[in-house]
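Geometric and topological summary
Residues per chain are reported as follows:
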Amino acid sequence: MKTRAEVVVLAADLAGTTVFAVEGAIIGMRHGLDLLGVLVVALVTAVGGGIIRDLLIGAAPPNAIRDWRYPALASLAGTAAFVFHAAAQGFTGPLIIALDAAGLALFAVAGVQKATNYGVRPFVATLMGTLTGVGGGVVRDMLLAQVPTVLSADIYATAAWLGSAVLVSARALRLPPAVAALAGGASCFALRLLAVQHDWHLPKVPVW
Amino acid sequence: MKTRAEVVVLAADLAGTTVFAVEGAIIGMRHGLDLLGVLVVALVTAVGGGIIRDLLIGAAPPNAIRDWRYPALASLAGTAAFVFHAAAQGFTGPLIIALDAAGLALFAVAGVQKATNYGVRPFVATLMGTLTGVGGGVVRDMLLAQVPTVLSADIYATAAWLGSAVLVSARALRLPPAVAALAGGASCFALRLLAVQHDWHLPKVPVW
Amino acid sequence: MKTRAEVVVLAADLAGTTVFAVEGAIIGMRHGLDLLGVLVVALVTAVGGGIIRDLLIGAAPPNAIRDWRYPALASLAGTAAFVFHAAAQGFTGPLIIALDAAGLALFAVAGVQKATNYGVRPFVATLMGTLTGVGGGVVRDMLLAQVPTVLSADIYATAAWLGSAVLVSARALRLPPAVAALAGGASCFALRLLAVQHDWHLPKVPVW
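Residue positions within a chain follow its written sequence, with the count starting from 1. Just so you know, chain letters begin at A and ligand numbers begin at 1, following the order they were written in. Only residues with pLDDT of at least 70 get local features here, since the model is predicted, and only at 80 or more are side-chain atom pairs given and counted; chain-wide, interface and lining totals rely on the full set of residues. Side-chain numbers here rest on the full set of heavy atoms in the structure, without hydrogens or water.

1. Regarding the overall build of chain A
- Looking only at helices and strands, one finds 9 helices and 0 strands in chain A.
- Per the convention used, a helix needs a DSSP run of H or I reaching at least four residues, while a strand needs a run of E reaching at least two, with both numbered from the N terminus. Put simply, chain A runs from its N terminus to its C terminus through helices and strands in the order α-α-α-α-α-α-α-α-α.
- Only C-alpha atoms enter the radius of gyration; for comparison, a globular chain is expected to reach 2.2 Å times N to the power 0.38, where N is the number of residues. Radius of gyration (C-alpha) of chain A: 17 Å, near the 17 Å computed for a compact globule of 208 residues.
- Overall size of chain A, expressed as C-alpha extent along the three principal axes, is 55 × 50 × 30 Å.
- A burial count over chain A gives 52% of its 208 residues as buried.
- Throughout, a contact is declared for two residues whenever any of their heavy atoms are within 4.5 Å. Partitioning the contacts of chain A with sequence separation of at least 6, the portion at a separation of at least 24 is 75%.
- Summed over its atoms, the accessible surface of chain A is roughly 9,100 Å², and 69% of this surface lies on carbon and sulfur atoms. Relative accessible area decides the class of each residue, using a 1.4 Å probe on protein chains only: under 20% of the type maximum gives buried, over 50% gives exposed, and in between gives partly exposed. To be clear on the numbers: accessible area is Shrake-Rupley with a 1.4 Å probe, and residue cover counts the displayed protein chains and nothing else.

2. Some thoughts on the relation of the copies chain C and chain A
- A residue counts toward the fit only if its pLDDT is at least 70 in both copies, and the copies are then superposed by least squares on the C-alpha atoms of those residues. With an RMSD of 0.0 Å, chain C superimposes on chain A once it is rotated by 120 degrees and translated 0.0 Å along the axis. Classification of the inter-copy transformation places it as that of a three-fold axis. By C-alpha distance to the rotation axis, the residue of chain C lying nearest is A145 of chain C, at 3.1 Å.
- Little of the interface of chain C is mirrored in chain A, where only 10% of its interface residues are also at the interface.

3. Let's talk about the nonpolar core
- Definition of nonpolar core: a set of buried residues of the types Ala, Val, Leu, Ile, Met, Phe, Trp, Tyr and Cys, connected through side-chain atoms within 4.5 Å. Counting 187 residues, the largest nonpolar core has M29 and V134 of chain A, M29 and V134 of chain B together with M29, M128 and V134 of chain C as its most contacted members.
- Look past the residues within four positions of M128 of chain C in its chain and what remains in contact with it is I65 of chain B together with R53, L56, I57, G111 and A115 of chain C.

4. Observations regarding the packing of aromatic side chains
Residues and elements named next belong to chain A.
- Between rings of Phe, Tyr and Trp, where Trp is taken as its six-membered ring, a pair exists when centres lie within 6.5 Å; planes separated by under 30 degrees are stacked, by over 60 edge-to-face, and by other angles tilted. With the rule as written, the count across this model stands at 3 aromatic pairs over all chains.
- Centroid distance F20 to F107: 4.8 Å. Interplanar angle 40 degrees. Geometry classified as tilted. With F20 in helix α1 (residues 4–30) and F107 in helix α6 (residues 94–117), this pair connects stretches of sequence that are 87 residues apart.
- Among the residues examined, F20 registers a relative accessible area of 3% and is labelled buried.

5. Some thoughts on the pattern of salt bridges
- Every case where a carboxyl oxygen of Asp or Glu lies within 4 Å of a side-chain nitrogen of Lys or Arg is listed as a salt bridge. Applying the stated criterion to the full structure yields 12 salt bridges over all chains.
- Between D141 of chain C and R140 of chain C there is a salt bridge; the shortest N-O distance is 3.2 Å.
- In this structure R140 of chain C comes out as buried when scored by relative accessible area, which is 10%.
- Three or more residues joined by partner-sharing salt bridges are found here, namely R53, D54 and K114 of chain A.

6. Let's talk about the environment of G16 of chain C
Residues and elements named next belong to chain C.
- Structurally, G16 is set in helix α1 (residues 4–30).
- G16 gets classed as buried once you look at its relative accessible area, which sits at 4%.
- Residues G16 and F107, spaced 91 residues apart in sequence, show a C-alpha to C-alpha distance of 7.6 Å.
- Excluding anything up to four places from it in sequence, G16 contacts G103 and F107.

7. Brief notes about the relation of the copies chain A and chain B
- Each copy superposes on the other: chain A lies on chain B with an RMSD of 0.0 Å after a rotation of 120 degrees and an axial shift of 0.0 Å.
- With a heterologous cut-off of 20% or less, the 10% of interface residues of chain A that recur at the interface of chain B puts this contact in the heterologous class.

8. Thoughts on the packing of helix α6 (residues 94–117) of chain B against helix α7 (residues 122–143) of chain B
All names here are of chain B.
- For every element, the axis is a line fit to its C-alpha atoms; helices are fit only across the contacting stretch, and the angle between N-to-C directions ranges from 0 to 180 degrees. In contact at an axis separation of 7 Å, α6 and α7 are set at 140 degrees when each is read in the N-to-C sense. In terms of orientation, α6 and α7 fall into the oblique class. Between α6 and α7 lies a crossing whose hand is right-handed. Contact with α6, carried on its side by L104, F107, A108, G111, V112, A115 and T116, involves A125, M128, G129, T132, G133 and V134 of α7 and no other residues of that element.
- Residue type decides the class: Asp, Glu, Lys and Arg count as charged, Ala, Val, Leu, Ile, Met, Phe, Trp, Tyr, Cys and Pro as nonpolar, and the leftover types, Gly among them, as polar. Taken together, the residues of the contact of α6 with α7 break down into 8 nonpolar, 5 polar and no charged. By the definition adopted for this analysis, an angle is roughly parallel if under 35 degrees, roughly antiparallel if over 145, roughly perpendicular if from 65 to 115, and oblique otherwise. Less than a right angle of anticlockwise turn of the near helix away from the far helix marks a crossing as left-handed, whereas a clockwise turn marks it as right-handed.

9. Considerations on the interface of chain A and chain B
- With 29 residues of chain A at the interface, the matching set in chain B holds 29 residues.
- Summed over both partners, buried area is the accessible surface (1.4 Å probe) that two parts give up on being assembled. Taken together, both faces of the contact between chain A and chain B bury some 2,400 Å²; the carbon and sulfur share is 78%.
- When the buried surface of chain A facing chain B is broken down by residue, D34, L36 and I65 of chain A rank first, second and third, together holding 26% of it.
- Any pair of N or O atoms that falls within 3.5 Å is considered a polar contact. Within protein, one atom must be able to donate a hydrogen and the other to accept it, and sequence-neighbouring residues count only if both atoms are side-chain atoms. Where chain A meets chain B, there are 3 residue pairs in polar contact (both at pLDDT 80 or more).
- Sorting the residues of the side of chain A that touches chain B by element identifies α1, α2 (35–57), α3 (63–66), α4 (69–83) and α7 (122–143) of chain A as the ones contributing at least two each.

10. Observations concerning α7 of chain A
All names here are of chain A.
- Expected span of a helix, by definition, is 1.5 Å for each gap between consecutive residues, and there is one gap fewer than residues. A rise of 1.5 Å per residue sets the reference length of α7, with its 22 residues, at 32 Å; its end C-alpha atoms lie 31 Å apart and thus fit the reference within 8%.
- For a residue, the bend is simply the angle between two axes, fitted respectively to the seven-residue segment ending there and the seven-residue segment starting there. Maximum bend of α7: about 50 degrees, positioned at V134.
- Most of α7 is tucked away, with 17 of its 22 residues classed as buried.
- After α7 finishes, the residue A145 shows a positive phi value of roughly 60 degrees.

11. Side note on a nonpolar patch on the surface
Residue and element names in this part refer to chain A.
- A grouping of L173, L175 and V179 is seen on the molecular surface, where their side chains present a nonpolar patch of about 280 Å² in accessible area.
- Along the chain, the position of L173 falls in the loop between α8 (157–172) and α9 (177–198).
- In this structure L173 comes out as exposed when scored by relative accessible area, which is 64%. Patch building starts from residues that exceed 30% relative accessible area and form no salt bridge, then joins like charges within 9 Å and nonpolar side chains (Val, Leu, Ile, Met, Phe, Trp, Tyr) within 5 Å.

Pasting the structure below:
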């Protein structure tokens, strides 16, 4: 039997997967993909980051291959977005941004924790958390032959990185695991929303 | 000593690898790559799908790394296509489409079977069969900085998916393995050829 | 305690990682990426080839995940290139080309040796050496939505391939390991510099 905390984490994980899959499907439809293409892009966006993390930390086969619920849910969410595409067009605004930020925070925290469980050291665990949050979107953008948005705009990967770094630091300070996870997730979530609200960006060098 | 069935499967596998490598080399030459680029693209097209499948199902190192005959054959086929590029330009028409469809069917069937042998559940095994068939072409298109054709046009990945799904279903119904494999391969092959002949496409949503 | 040879190899490896990271960072800045994007591209350029090699030969988790010094060094080099971007613009000319060629030679030799240690056969080990040398740059170019330079121009991957092939052949001839490694590295380095000096290119087929 699962503890209450495990149920909460599983529910949050499935919710994050759904949000990411719908966002991926919408971007796929905007690029004129057909039904299969939309499903591929939804799948990649939702489970790609976790798959790459698992391959890198040596957790083969990745969770999304072992546990069919994740790809099935992402496929279902992608299909629903395709069928109800008129409704999916309205999948925007502050609520969606907040849901997406929550998914990002959750994926980053889960990524750090899994990497740490596999013996990955703090510095690399921070990278693995960031990768878990943004990796799916990066592969999706590569499939669409576009420079991934997170490399040139928005405080998005940066928020995932901050949350991961806060979690790693809190663990190094021997805070209780739940407190560390909450602190990490909250910093990611807060930075992302603040950055959207205040239109914050990272520095670039002047055009060469 | 190998059984007759093993010899047939090996021969078919090597034939599929050769067809995919030549197709990859031709696409590479069309994009103005040099000899090395053409060989890389031939290799990726021929063995990329199987390599990604093996990494995902935890079959490391992938078969194409363990068994040098596959990359060697793909390199040889790519070199031949480069040297005899005038002849390779004629590598088109109904016979080639049929050979390619046969290669796709074979790769999809082999992908499902290997994934199942590694304990992957039916839903994900269907995805792994599809990936084995189209993964090499997808990575090739990504290398060429183009949106993979299979995401936006043609009943191609869909045929690989259908063949994989038929095979998985036939196994679930406890049909004899050889019958299940033949049913899967034949559905993939048939759908692909019917789609080419009747110019079938998957639905897309209207332009946003 | 480390032997003198181990210290030399480690120092060379860290130097190669630094050069590749700075080159990656510069290319990222040229493409208008922000600080995070520049760091990602620096990291990928420096450790991407080795990571893909390790995944393919079954050495999970990859060295750059296990040993935090490599990604930390690459991040540091990328940050330095970003901060001192005016100086980094001057990161060109014969010295840099020679340093880059040395890094390429070193990565190729290290790649062949690691693959061989993991039981990879000679033909594929040659491919793994080449991949170790150029894989990071290929993934970087894919992230930037460009056809990787090594596929269409320059004797670069070819130099890595030659060095790998010389090393594999020297080992097959049972030359002492150090001699084989030196012969491989020197051929890669020499071919790369000769190709730059004399503007050598691989053949392409005439435009179709």
